[in-house]
Structure formats: C-alpha cells, structure tokens
Amino acid sequence: MRREIYRFDRYFYFFLKGVAICLPLLLIGIGGFLLNASLPSIHQFGFDFLGTKIWDPARDNYGILAFVFGTLISSLIAILIAAPLSIFTALFLTEVASRRLQKSASFIIEMLAAIPSVVYGLWGIYVLAPFLRVYVEPFLGKTLGFLPLFQGPSYGVGMLAAGIILSIMIIPTITAVTKEVFLSIPNSYREAAMALGATRWEVIKMAVIKTGSAGILGAVILGLGRALGETMAVTMVIGNRSDISISLFAPGQSMSSVIANEYSEATSSLHISALLEIGLVLFLITFFINSLARVFVWRASLRGSTR
Amino acid sequence: MFRNLTLTILMVMSLMVVSAWAKNVSITGAGATFPYPIYSKWFSEFQKIHPDAQIDYQSIGSGGGIRQFAEGTIDFGATDAPMTDEQNAKVSALHIPTVMGAVVVTYNLKGVATGLKLTGSIVADIFLGKITKWNDPKILEINPGLKLPDLAIMVAHRSDGSGTTGIFTDYLVKVSASWKEKVGHGTAVNWPAGLGGKGNEGVTGLVKQTPGSIGYVELIYAENNKLPYATIKNKAGIFVDPSMKSVSAAAAASLKTMPEDFRISITDAESKDAYPISGFTYLLVHPKMEGAKGKTLVKFLEWAISDGQKYAEELFYAPLPKEMIGKVEKSIKSIQVK
Amino acid sequence: MSSLSEQMEHTFRLRNLKSYCMLAMIVLAFVVSALPLFAVFAHIIKLGFSALNFDFFTKLPAPVGESGGGLANALLGTAILVGIASVIGIPWGVSIGIYLSEYGKSKTASVVRFCVDMLVSIPSIVVGLFIYELIVIPMKGFSANAGGVALSILMIPTIARTTEEILKLIPAHVREAGLGLGIPRWKVTLFIIVRGSLMPISTGVILAISRVAGETAPLLFTALSSRFWFDGFNKPIASLSVQIFNYAISPFEDWQSQAWGGALLLVLFVFVVNLSVRILLLRTNTSKGKQI
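Just so it is clear, the structure is predicted and the values come from calculations on it, not from any experiment. (Residues numbered from 1 in each chain as written. Chains lettered and ligands numbered in written order. Predicted model: local features only at pLDDT ≥ 70, side-chain atom pairs only at ≥ 80, totals over all residues.)

1. Some thoughts on the overall build of chain A
As a reminder, the rule being used: Strands are runs of DSSP state E lasting at least two residues, helices are runs of H or I lasting at least four, and both sets are numbered from the N terminus onward. Here a residue counts as buried when 20 or more other C-beta atoms sit within 10 Å of its C-beta, as exposed when there are 12 or fewer, and as partly exposed otherwise, the C-beta atoms being derived from the backbone. The contact criterion used is a C-beta to C-beta distance within 7 Å, with each C-beta placed from the backbone.
When its secondary structure is counted, chain A shows 12 helices and 2 strands. Order of helices (α) and strands (β) in chain A, N terminus to C terminus: α-α-β-β-α-α-α-α-α-α-α-α-α-α. Expressed as a percentage of its 307 residues, the buried residues of chain A come to 54%. For chain A, restricting intrachain contacts to residue pairs at least 6 apart in sequence, the fraction spanning at least 24 positions comes to 77%.

Below, the structure written as structure tokens:
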C-alpha cells in the first residue's frame, strides 16, 4: 500500500530525468551534425581551411582566416571598449550608488541587453555609421593617422562600427556578472581596508577589484563569448568584405556574418560544407570560451561563498 | 498568469484555424533580387485576376533561388544567371525567361549628377581595386567635360550569391583579361575590393549612403532611388545608356544563337545599339508538377509572358522579344501537370 | 619640525584627490555605458513614430515601389512563432529547471547543468543552421514550425536556468515538512514547491519570451518570410524581426521608415515587459517581507 502511493515518484523522477537528458543529446546532436556536414570541406582543405584567407566561391576554394580575423578583431575592439566601462559601471552600481539609484541604474543597463540585435543593426546603419564616417573617422585619421590602424578612407561601416556596436551589446553581460562578483565579496574586506585608513578609491581597489579579479576575468571572457557569436548587428555594419586589413576603418567580415550572408544561397556542395565548417569552428570556439569563463566565475563565487 | 498565457495561445491558434480555412492555393518562390520589383507587381496583379492564387516571392538572391529550388524547399526559383549543367543535373529545372534587364554601374558623386562615361576595362580596374581615385587619369581621359574630385572610390558589391553579379562578372570576364585571371565569373566571387551589401537593395543602400561610392545594380533600383548611372562603351565602341531599347537590342543580336533551353548570355553583344551589361532573368520550375499548385503556376507563367509583359516598361525592364515568345510558350506547354 | 605631519598631510590630500577623481570616473563610466540606450531610444522614437499609423497594424506589406502597406502579418507572425516556441520551450525548460533544483546533486544533473550553460551562449545562427538541415530540408520547405522550434531551442536553457535558481531559493524545510506529512515527492514538488514559485517562474518565462521575440538570425533559414497572412504551420511565415532586417537594408524610404516603426514596437514591447516584470517582482518581494 505504501509503495503504491510512492510509485509515481519514480515515474516522476524518470520523466524529469528523461526530459533533462534530451538537452545534452541536443548539444551533441548539434555538434555532431555540424561535424558530419563539414566533413567534405575538412577532407578537401584540412588545416589550410583555418590558415588561408582566400574565400572564392567561383573557384570552390575556401579558407576562413579573414573571417576569423574579422571576428577576433571586432570582438577585441568591443572588449577594449566594454571591459573598463563595464567594470567601472559595476563599481558604480555596487560601491557608489545609493540603494535607490542602484535599482534604476541596473535596470537601464539591463535594458541594453534586452534590445534585439536587429534593432542595434538598424541603428548602426543609419545613425552610428554616418556619424563615424562624417565625424569620428576623419578626426581619428587626422590626429592618429600616423598609426596604420587609423588610415584609409572612412566608409562608416566597417570593423570599428562593428566593434562599437558589439561593445554596447556586451556591456550589460560583463556588468551583470561583475556586479554579482562584487556583491559576493564580504563587507568585512571593505571594513578592514577602511580601518587601515584607506580612501574610498583605495578601499575599492584593494578590497573589491583585487579580490574579485578572477571573477572579473571570467565576466570579460563571458562577454567575449557573446561578442564572438553575435550575428545580425555585425552583419549589418561590418561591411561584408572578406579581406584582412590593419586599418580599423576597413570593412571586414565575421564568421557569423558570412554564414548569414551566404548560407541560404550557396549552390556548390563544397561551398555549403565550408559554411557549415565555419559554424562548427564558431561552435567549438564559443564552447571553449564559455567553459573557460565558467571556471573563472565559478572560482570567484566559490571564494565569495566561503566567507 | 499561466491561465492568461494559455488563453492567448488558444486564441492565436483558433485564429490560425480560421485563416487557414479559407482555401487558397499558396505557392512559395524565392530567388533573384534583380526582377523582384516586377515579380512583386506581377504577383499582386495576378492575384487581382485570380483571387485564390497566393504567390509569395522572397528576394534572397539568385544563388538562393537555385539552391533552395534544388533542395526542394520552394515551389519555384528565380535566377538571372542560368543554372550550370552541374547545378541542373539533379533537378533538371525548366528555365522560363520572363523579362530582360540591365545591370547599371551606379555611383554617388556630388556634382556629377549625370553623364559619367566608363569603359569595360575601367569598370574592371575599379572593381579590381587598381583605380582608387575618382580623378584617375584613365577616367578623366574619357570624361573631359566632368569635374571629378580627388576622392577615394568606394566599391560596393554583393555579399550574397547573385545573378546580378553573374551578369556583371560575365561581362567583366569578356572585357578584361586580368579580371578573368584574378576573379572569374559566377554568382558569388572573391571580391578584390570594396564593401558587400545583401541583395540589390543592400548595394543600392550602400551607394546611396556613401559619398564617392560605385556599385552595380539592376536599373530600377537606381531609378527608384534617383541614383545616377554611367553610360558604358559597348563592343562597337559606342557609349550606350541602359534602357529598354538598348537591352532589347542586345537580345536581338543573340536571337539567332538562342538555345532550346534559353540559357544564354547576352552581355557584350555585337550590335551598335546594345547595352553591354544586359541579361535575361528566369523562373525555375519543375517539368512535372502536381495538382492545384502546378495548374496555378502554369496559368501564371502563361499570363506573365503575355499580359504581364506590359508592366515591364514602367518598371524599367525590357519585355521579351516577340520572336521568342512562341518558343517560351511551347516550353511552358511542355510542363506536365497531374 | 612639522615636516613629517606636513608630508603626511600632503600625501593624504593627494590620495584623497585621486580617490575623488576615480569616483568621478566611475560615475562617468556609468553615464557613458547608459548613453547608447538613450541614443537608440531617441532615434527609434524620432524615426519610428511617424510610421505607426492604422495601416501599419492592419495591412499587408505593399509590393515593391508602391507606398503604404503595413506589417500586420509580421506582427501576427512573430506572435505565432513565439507561441510555437512557448508550447515546446516552456514545459521543457521548466521541467529541466525542476530536475536541476530537486534532483540536482547527481552527475547527470551536473552534465545537464553544464549543457544549459553552453546552450545559453550558443550563437543563434548555428541553431538556425541546425534546424535548416533537421527540419527544413527533410520537410521540403521553410515553415513556421521550423522557426518556432529554432526559437524554442534558444528559450529552453534560459527558462531552465531561471527556474532552477528560483526553486533553489525555497528553503529545505518546506520540502521536509511536506515529505514528513507523507505526501509523495512529486506532489510536494509540483503542488508545494513549484506552485509556491509560480509567480517568479512565470516572470522568468515572460522575460525569455521577450528575448526570443526579437531574434532574427535563426529565422533567416527556417521561417524565411512571407508577404501574406499566416497560412499554415508548414508554410513560410513573416516575422517582425526579419522584416525589420529586410527593410533596414533596402533602399526604399517607405520601407526604411517601416523598419524604424517595427523597431519601435519591438523595443517598446521589450521595455514594457521588463518594466512590468520588475514592478511585479518588487511587489511580491515586499509583501513577502511583511509576512516574515
């Protein structure tokens, strides 16, 4: 009789477990499908696929170095802009702002994450790109033009525009995680620093930033992961040109944007396979980056919880 | 909260059932952006005559039209670059030419609202990145009357697989040896210079927004957006404006050599009136189709090459040459509908 | 002989000055970070508001070159796509969340948790590729179903994660009390634990919905787009986000203006959802505070 009542418990458990296990299967399915579909291209090009920059659908010859470069550089620009801003913003939210201000300020930053990518792209095409073309890029060219980074004609759309849009999109990610890290730092750390006669900034530097450094690194890596996979906004402003150029004003192409542009229209089977291999590379990179971020954030939160 | 959610979902679903109840023949096609304006017009006009024929067309590019047609995900495809034998081996699609159009070299240059002249080799050099300034001696030489500024040329090209690119590169291969050697032709090529835009829409958008830019688009996209375009020197050595007349002249020159399946290139045609970057645009259909879809599509095709042709001119396309229509009709009649 | 104290005074002043400078930088950093939000809002309202007329909400898109028309089918399309995604994604996601919080100590659970984290950050375009090969090609056509499934894959991990986090907040003694009364575990889980957290879980679900409503990349290869009304689950379907993309890169001013209008609607939707969820959560939190 007793068992009768509780039998359903086991079904319930197995049901939940079964449903949950579908998720790893899904992930394996996606990875396996990408691998399987990119086999022709892997056979044909091997490691040269990653190391050459020629992407020539007319002659069925594919290498993705230019796209890897585009993805990395645009993400790097984004990180360079977003990381310091986000860390300081997180400091503002946790250490400086009053409780009331903190709530609305956090909401503003969270809203940045809620705006859809395609809307950022729209804004990028019609507001940011012309602004860069008319004001920012000529100015940079004039003042810093001796650096190869800031040479060449200003198009507006290009690497710089993509990097800026991406930075706006990852600020909320980095800020949110960094904020959690800072909040998990026990107050006694701050009090100890204060008792030593530290100024407010010194308290922040010693007790907050130093203690949370692993977590900050994790947050930045997480932001990087998001920037690497972003598609729509980047496709709309990066310029879509498969080439490697040192200048930030030059157009480029990222791994995700080349998929968005060419996948539904590629006709030769090798072209399709090559595009799917880009998907595979992207999948593996984000997988790796996010695992890495997890390790850092996990460590930081572990330290926080052992207070 | 959940109850509200379920209620909304239920309402949406019932709405779907109701709307699906009205039995329409819905046909999905996709492909070339080049003829999108006229197809869009045709489908909406055709629906006025046959209210139950709901034909949807998505302009995703000719490459997309060929690919998705071959994959079987759409009912008909559209392309400006005829399928290669290799592409057609699996599906053996019927190519139905619908209209002709011109690919124009459009530009955005303050003070030069009209009258820019270009030759094939100059166009090739610009798109190869060899000519980088508007006041390059080669351009100045054939445009003595124009004040061309010392401004960088911003090249805009397609980022997707495109029949417009197919026609354009087919022309450049014929007129420039170094283009043939370095780039070649196809619906998607490895561009040596410039920015990429998605679709004729995207390239037009880029040119419109960027001073000093040059790009290639279907005539109507330049006309609709009041963008100037260059006159191009044809094979006979005459600078020709793209127009319905000059495109028709290019087609007329090729009528004698027209193959049975209409897959022909009419770029760089011999005639002295011909605009050199012209091309046919095709619908891709299966030679065997089933049921209501097939019947409607055949009806549409017959309408398009007869009554539909009158819409071509106002949208800056050239209608099919009269001599060809009989042949095309025969080809449509050969479609078997079960 | 006040040199030592003078020196200390001096360095103290310097340190204080530096402190104020850095604090000013911190405030500035926040202002700079928040600036894009206001810039985007301002432009969307300025350029989008004029596009929002009666036609926009009621009419189908006009053929190329003709002015007028609306995005009504895209609005409905997005609702349908999100509906399909919800039907699949909500039960699935919530179940995984329950599993992770209630049976979360096993090895399987930690593997599942890892996969949730990985799926949250998988590029959405990769999901689009996957669904194209998995559904679109075998089913011989772009379809609302394919688009909905793609969106649901993006929804599941978010919902699973928030559900897990919410359920974990419930103290262990609540579970123990239930089990101690001899109530079967599944009943305790469903009718005490989950029911008690229905409110925060549904807010998490709504946030997930608002996030996928703006997704574009996975729809390009799955739902495609359409110029007509919804016409069946196995037919291509229009969506607001794809329509914004197509119109944004078009050269026609009418379309661009409608893209801004669509963007305004999308952002307003997201904004209202986020704001109301926040207010709701705030209210439940304070009422709980009073009870304790």
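2. A short note on the overall build of chain B
Convention followed: To get the radius of gyration, use the C-alpha atoms; to get the globule rule, take the number of residues to the power 0.38 and multiply by 2.2 Å.
Broken down by element type, chain B carries 13 helices and 13 strands. Compactness check: chain B gives a C-alpha radius of gyration of 22 Å against a globular reference of 20 Å for 338 residues, within 12% of the reference. Across its three principal directions, the C-alpha atoms of chain B cover 70 × 60 × 35 Å. Within chain B, the proportion of its 338 residues that are buried is 54%. Contacts in chain B between residues far apart in sequence, at least 24 positions, make up 73% of those at least 6 positions apart.

3. Overview of the nonpolar core
Worth spelling out the cut-off: Each nonpolar core reported here comprises buried Ala, Val, Leu, Ile, Met, Phe, Trp, Tyr and Cys residues connected via C-beta atoms within 7 Å. Segment limits for the domains were obtained from an automatic or database-derived domain assignment.
Among the nonpolar cores identified, the biggest contains 288 residues, and Ala161(A), Ile165(A), Val237(A), Val105(B) and Ala263(C) are the most heavily contacted of them. The biggest single contributor to this core is helix H3 (residues 65-96) of chain A, with 17 residues. No fewer than three residues from each of domain 1 (25-100 + 281-337) and domain 2 (103-257) of chain B sit in this core. Contact partners of Ala161(A), with chain neighbours within four places excluded, come to Gly124(A), Leu128(A), Ala129(A), Leu132(A), Gly156(A) and Val237(A).

4. Points about the domain arrangement of chain B
As a measure of interface size, the accessible area lost when the parts come together is often cited. Residues and elements named next belong to chain B. For the record, the criterion: Asp, Glu, Lys and Arg are counted as charged, while Ala, Val, Leu, Ile, Met, Phe, Trp, Tyr, Cys and Pro are counted as nonpolar; the rest, among them Gly, fall into the polar class.
Per the domain assignment, the segments of chain B are domain 1 (25-100 + 281-337) and domain 2 (103-257). The C-alpha-based centres of domain 1 and domain 2 are spaced at 27 Å. Taken together, the contacts link 21 residues of domain 1 with 22 residues of domain 2. When residues of the side of domain 1 that touches domain 2 are traced back to their parent elements, those giving at least two are helix H3 (62-71) and helix H13 (322-333). At 3 residues, H3 tops the list of elements feeding residues into the side of domain 1 that touches domain 2. Looking at the side of domain 1 that touches domain 2 residue by residue, the classes come out as 10 nonpolar, 8 polar and 3 charged.

5. A look at the interface of chain B and chain A
Taken together, the contact pairs 28 residues of chain B with 21 residues of chain A. Put simply, the parts of the chain that give the side of chain B that touches chain A at least two residues each are H3 and strand E7 (195-197) of chain B. Tallying contributions element by element places H3(B) first for the side of chain B that touches chain A, with 5 residues. For the side of chain B that touches chain A, the class distribution of residues is 8 nonpolar, 17 polar and 3 charged.

6. As for the sheet that holds strand E5 (residues 117-118) of chain B
Residue and element names in this part refer to chain B. To keep things clear, this is the line we draw: Between any two strands, at least two bridges found by DSSP are needed for them to pair.
Strand order across the open sheet formed by 3 strands is E5-E9-E10, with mixed pairing between neighbours. Looking at strand neighbours, the two that pair on one side only are E5 and strand E10 (239-240), the edges of this open sheet. Of the strand pairs in this sheet, E5 and strand E9 (residues 231-233) are connected by 2 bridges, and their pairing is parallel. Residue Lys117 lies in a different strand from E9, and its bridge partner there is Thr231.

7. Considering the packing of helix H8 (residues 200-209) of chain A against helix H1 (residues 3-48) of chain C
Cut-off, in case you're wondering: Interaxial angle, 0 to 180 degrees, is taken between N-to-C directions of lines fitted to C-alpha atoms, where a helix line uses only the stretch in contact. Any angle that falls under 35 degrees is termed roughly parallel, while one over 145 is termed roughly antiparallel, one within 65 to 115 roughly perpendicular, and all others oblique.
The geometry of H8(A) relative to H1(C) is characterised by a closest axis approach of 7 Å and an angle of 70° between their N-to-C directions. As the angle between them shows, H8(A) and H1(C) are arranged roughly perpendicular. For the pair H8(A) and H1(C), the contacting residues are Arg200(A), Trp201(A) and Glu202(A) in the first and Arg15(C), Lys18(C), Ser19(C), Met22(C) and Leu23(C) in the second.

8. Digging into the sheet that holds strand E8 (residues 213-218) of chain B
All names here are of chain B. Spatially, 8 strands are ordered E2-E1-E3-E11-E4-E8-E6-E7 in an open sheet, and the strand pairing comes out mixed. Two strands in the sheet have a free side with no partner beyond their single neighbour: strand E2 (53-59) and E7. For this sheet, the mean inter-axis angle between neighbouring strands, taken without regard to orientation, is 25°. Judged from the 3 bridges that link them, strand E1 (residues 25-31) and strand E3 (residues 76-79) form a sheet pairing that is parallel. Paired with Ala30 across the bridge in E3 is Gly77. Together, E1, E3 and strand E11 (278-285) form the strand contacts of H3, whose direction differs from that of E3 by roughly 150°.

9. Notes on the interface of chain A and chain C
Of the residues lining the interface, 67 residues belong to chain A; the matching set on chain C comes to 63 residues. Of all the elements, helix H1 (residues 2-45) of chain A adds the most residues to the side of chain A that touches chain C, at 17 residues. For the side of chain A that touches chain C, the class distribution of residues is 47 nonpolar, 13 polar and 7 charged.

10. A look at the confidence of the model for chain A
Low-confidence regions, as indicated by low pLDDT, have predicted coordinates that should not be scrutinised in detail. Heads up, the condition is: Every residue gets a pLDDT, meaning the predictor's confidence in that residue, from 0 to 100.
Residue-level pLDDT values for chain A average 88, and 96% of them are 70 or greater. Note on residues 303-307 of chain A: pLDDT under 50 across the span, and 4 contacts to partners over four residues away in sequence or across chains.

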